[in-house]
Structure formats: structure tokens, C-alpha cells
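Here is how the chains run, residue by residue.
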Amino acid sequence: MSDAPSTSTTRSAIAAENPILQVKGLVKHFAVRSSKGLRVVQRTVQAVSDVSFEVARGRTLGVVGESGSGKTTVGRCILRLIEPTAGSVVFDGKELVGMPVKQLRGLRRDMQIVFQDPYASLDPRRTVQDAITEPFEIQKIRVDARAKAAELLELVGLAPDHARRFPHEFSGGQRQRIGIARALALNPKMIVLDEPVSALDVSIQAGVINLLQDLQSELGLSYLFIAHDLSVVRHISDLVAVMYLGKIMEIGPAEQLYTAPLHPYTQSLLSAIPEPDPVTERTRERILLQGDVPSPINPPSGCRFRTRCPIAKDICAEEEPALVDRGLGHPVACHFADVFPVKVLAPRPSSTAL
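Residues numbered from 1 in each chain as written. Predicted model: local features only at pLDDT ≥ 70, side-chain atom pairs only at ≥ 80, totals over all residues. Heavy atoms only, no water.

**Points about the overall build of the protein**
When helices and strands are tallied, the protein shows 12 helices and 12 strands. Scaling as 2.2 N^0.38, a compact globule of 354 residues should have a C-alpha radius of gyration of about 20 Å, and the protein matches this with 21 Å. Across its three principal axes, the protein shows a C-alpha extent of roughly 65 × 60 × 40 Å. Per-residue burial over the protein gives 49% buried out of 354 residues. Surface accessibility of the protein: about 17000 Å² in total, with carbon and sulfur atoms responsible for 51%. The average position of the 41 basic charges and that of the 39 acidic charges among the side chains of the protein differ by 7 Å. (Helix = DSSP H or I, 4+ residues; strand = E, 2+ residues; numbered from the N terminus. Rg over C-alpha atoms; globule rule 2.2 N^0.38 Å. Buried < 20%, exposed > 50% of the residue type's maximum accessible area, 1.4 Å probe, protein only. Areas by Shrake-Rupley, 256 points an atom, 1.4 Å probe, with all protein chains shown as cover. Lys, Arg positive; Asp, Glu negative; His and termini not counted. Charge placed at Lys NZ, Arg CZ, Asp CG, Glu CD.)

This is the structure in C-alpha cells:
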């Protein structure tokens with residue numbers, strides 16, 4: 001795996017580049033119904049609330065957070081696999097929210113997705129060749145299916161003769177490579193990677209991450225990398241956004257966020273990453289959060305993290321903190337990010353594997 005840039009100035013320059021994706025004020029609510037006696041009560045799940053960020057061309061934005069934080073919903077709203085409730089999604093200069101389906105279908109060539117589960121994302125009744133060349137059928141593009149499948153399989157590190165096999169004949173890592181090949185079929189500009197390695201063994205994860213980085217370098221791809229494993233996100237991301245209960249708590253250059261996290265939630269997540277050195281691991285401070293994640297049906301007032309935050313004050317319940325740069329290098333949604341001391345984490349040495 002290639003080493004990440006070593007200076008924060010290189011990373012901070014990313015924000016000034018022409019973005020391929022601009023998300024502003026993205027909101028997604030789901031209506032749910034429940035029964036109370038003879039009454040049917042309809043409530044609203046606030047899955048994503050006022051999320052904004054940009055993805056620069058040829059770069060990777062990592063989105064991390066606990067299960068239920070809204071990461072996957074953000075990715076699917078961007079691609080309009082589910083319809084956003086409100087907000088703006090501008091991809092390559094075109095507004096996607098409200099775009100007619102016929103026009104959107106043509107634009108889908110430039111934006112693809114790799115799903116989390118390689119076992120569920122492939123049709124067990126179709127050969128690998130059929131799965132990889134299906135995008136051409138949908139887009140009504142005539143190609144030599146056999147030659148194209150062989151080319152794409154070689155691109156992701158598989159043998160051309162694998163095209164004649166069925167998904168059940170492959171391992172999890174190989175199936176995910178097939179899913180990546182399918183996403184690359186139409187030469188997209190951006191790929192949403194929805195936890196692409198979380199279902200794989202640790203020994204296989206490094207190979208898939210290396211492949212994604214090589215493809216990005218070779219093809220100039222932009223990635224939205226969604227994951228809950230912060231150590232994986234660090235290796236591949238240029239920028240990292242930390243989500244909690246549908247909102248972004250902190251967003252900034254990867255190395256800056258990992259070595260000097262500003263939000264208490266980010267600090268807690270990073271403290272949970274195990275250290276390979278047993279001496280360092282025994283002396284590290286583990287930040288344990290109390291309580292459970294609140295329900296997105298009835299989120300807390302003010303700061304959504306306040307019910308579990310070790311530094312919460314009265315103002316946290318009364319006023320929601322804005323996601324802004326408080327003079328500390330990158331935006332953070334915390335009233336006290338510039339008051340309480342930052343828990344600086346020792347940078348880890350760069351490596352060529354996870």
C-alpha cells in the first residue's frame with residue numbers, strides 16, 4: 001500500500017481543488033408506523049440531518065461512525081438509490097436532486113457503487129461474465145462481452161477464465177474484486193464504496209485496499225469510502241468525516257484528524273483502535289462512552305452527542321454547535337473544542353500493509 005502524504009499542507013490543499021461532488025444540507029427522513037392499541041402512530045426517523053461536504057477529483061473522502069450513524073444512507077442518497085428528503089447533491093456540475101430519471105440513468109455511467117456484502121451483491125444464477133457486462137446491457141452499449149469481461153477481471157487481479165464461473169465458486173475477497181470490476185465497467189468518475197472490506201478477513205482486506213488505491217492512481221477515480229473501521233479509513237482517505245446520529249461531528253485532513261482529533265466522539269473512536277505494540281497498548285488511555293446511542297426518532301436537543309459526552313455543559317442541550325473551523329485547523333461541531341485540551345495521539349509509522 002502506498003504511503004499517505006506526510007504533510008498537512010498537502011492534505012489541506014485538497015479542499016481548494018475543483019470538487020467532483022458537492023453535498024449541501026442533505027436530509028433523509030424515513031416514515032415508520034407503529035401500533036398502540038387500536039391507534040396507528042406514524043413517526044419519523046431522522047437518518048441524515050443537514051450533512052454537507054465535498055469530494056475532490058481523484059481523492060478519497062472517508063466517512064466513519066458507529067452503526068446507525070447514517071453513513072450508508074448518505075451514500076445511497078448521493079446516488080439516488082433512495083430519494084433525499086431535502087438538500088443539494090451536485091455531481092460534476094450537475095444537480096442530482098430532482099433530476100428526471102431518464103436523464104439520471106445516463107449520468108449513472110459516471111458514478112457507481114460497491115456494496116458491503118460480496119455474497120449478496122452478485123446474482124448466484126449468472127456467470128461472472130454476465131454480472132460484469134450487465135451495466136452495458138442496462139445502458140444499451142454494444143461490446144464484446146467476453147473480451148470486456150476478461151479485460152476487467154485482469155484489471156482487478158483475477159484470471160480471464162474466471163468469467164465462465166459462478167459466484168459460489170469464489171472466496172469473499174474474489175467476489176468483492178468482481179464487484180469492483182462491475183463498478184469499473186462503464187469507466188466511472190466516482191465510486192461509492194459502502195464498507196467494501198468489512199465482510200472480509202483481515203488478511204484479505206489489505207489486498208482489496210491496495211487494489212482500490214492502485215485503481216485510483218491509474219484511472220483518476222474519486223472515492224466516497226464508507227466504513228466503521230478507522231484504521232482502514234486512515235490508509236485510504238485524504239479527508240475523513242466522522243458521523244454520529246445522522247450528523248457530521250468533525251471533518252478534516254486524515255493525518256490531522258487522526259493525530260489531533262478535536263471532537264470528544266472522534267477521540268473516543270480513535271482510542272478504541274488497538275495498538276500492535278503491547279507496551280504502548282497497556283499505557284494508552286481508553287475513552288469509554290457511557291450510555292447508548294439515542295434513537296433517531298427522537299434525537300436529543302442541541303448537540304446530539306451530549307447525552308454521552310464527558311464534557312457536556314448546559315449550553316450543549318440548548319444550542320446545537322455549528323460545524324465550523326474554530327481556529328484549530330479543521331471544522332468540528334463542538335462548543336468546547338477550543339477550550340478543552342486536545343488529546344493528541346501519537347502518529348503511527350507508515351506501512352505498506354494494514
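**Notes on unusual backbone geometry**
Despite not being glycine, Lys140 has its phi angle at roughly 60°, a positive value. Phi angles above zero are rare outside glycine, and Leu245 is one such case at about 50°. Checked against the element boundaries, Leu245 lands in the loop between β9 (239-244) and β10 (247-253).

**Brief notes about the layout of surface pockets**
The space that makes up the second largest pocket amounts to roughly 530 Å³. In this structure, the second largest pocket is lined by 19 residues; those nearest its centre are Leu81, Arg108, Gln112, Ile113 and Ile138. Elements represented by at least two residues in the lining of the second largest pocket include exactly α3 (101-107), β6 (111-114), α4 (128-138) and α6 (172-184). When its residues are assigned to classes, the lining of the second largest pocket shows 11 nonpolar, 2 polar and 6 charged. (1 Å grid on protein atoms, 1.4 Å probe; cavity = no way out; pocket = protein on both sides within 12 Å on 5 of 7 lines; lining within 4 Å. Points joined across faces, edges and corners; volume = space filled by probe spheres on them. Nonpolar A, V, L, I, M, F, W, Y, C, P; charged D, E, K, R; others polar.)

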